[in-house]
Amino acid sequence: QRLRKSRARWKIVFAHHPYLSNGLHRNAGSFDAPPPGKPVTYAGHLWRGLVEQSVCAQAADLFLAGHDHDLQWLKPKAACGKTQFIVSGAASKARKLEAASDNPFYWQRGEALGFFWLELTHGALRGVGYTLDAEGKPTVAFEQVLPRPD
């Protein structure tokens, strides 16, 4: 409801579980029943439906998630309109991309530690993907600029 009523120029959503992912856990709906004692977000088909009815239906600009231990900036998917997806879970542990070709992407990296830096200015959103070298020094690996929504 808040997303729908928001007059914010940028609509950015944060969640732990991704809607789209080329990582180990893949897209919402690829995993089904929650294990005993786990929250409903573990039930992928329910999570997918919730995201589509809220985030996608209200045309969020960006959806940020973690859960998979890799770095991904994924292109919009028809079922979710213009929303772009960032999966950033590689700050402490890195895994390979298990499904690297499942979803179209602007950039993705597995088996590397790293993070995304996002900066909002008056005219745009700038996102930078960093990976860490063997000494832990961050290096720019990717940059994306989204123009301000009208």
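Residues numbered from 1 in each chain as written. Predicted model: local features only at pLDDT ≥ 70, side-chain atom pairs only at ≥ 80, totals over all residues. Heavy atoms only, no water.

Caption draft 1: Looking closely at the pattern of salt bridges. Scanning the entire structure with this criterion turns up four salt bridges. The closest approach of N and O atoms between K82 and D61, which form a salt bridge, is 2.6 Å. Note that K82 is positioned in the loop between strand 3 (71-74) and strand 4 (84-88) and D61 in the loop between helix 2 (44-56) and strand 2 (62-65), a separation of 21 residues in sequence. Relative accessible area serves as the criterion here: at 8%, D61 is assigned to the buried category. Ionic pairing is found between E119 and R126, a salt bridge with its closest N-O pair at 3.2 Å. (Salt bridge = Lys/Arg side-chain N within 4 Å of Asp/Glu carboxyl O. Helix = DSSP H or I, 4+ residues; strand = E, 2+ residues; numbered from the N terminus. Buried < 20%, exposed > 50% of the residue type's maximum accessible area, 1.4 Å probe, protein only.)

Caption draft 2: The arrangement of the sheet that holds strand 6 (residues 114-120) in detail. Spatial ordering of the open sheet is given by 6-7-8, a layout of three strands whose pairing is antiparallel. At either end of the open sheet lies a strand with only one pairing partner, and these are strand 6 and strand 8 (138-147). Each neighbouring strand pair of the sheet contributes to a mean axis angle of 20 degrees, computed without reference to strand direction. Bridge count between strand 7 (residues 124-132) and strand 8: nine bridges; the pairing is antiparallel. (Pairing = 2+ DSSP bridges. Axes fitted to C-alpha atoms, helices over the stretch in contact; angles between N-to-C directions.)

Caption draft 3: Structural detail: the state of the cysteines. The final tally for this structure, using the stated rule, is one disulfide. Bridging C56 to C80, the disulfide has an S-S length of 1.9 Å. Handedness of the C56-C80 disulfide follows from its S-S torsion of about -95 degrees: it is left-handed. Of the two residues, C56 is situated in helix 2 and C80 in the loop between strand 3 and strand 4; the sequence distance between them amounts to 24 residues. (Disulfide = S-S within 2.5 Å.)

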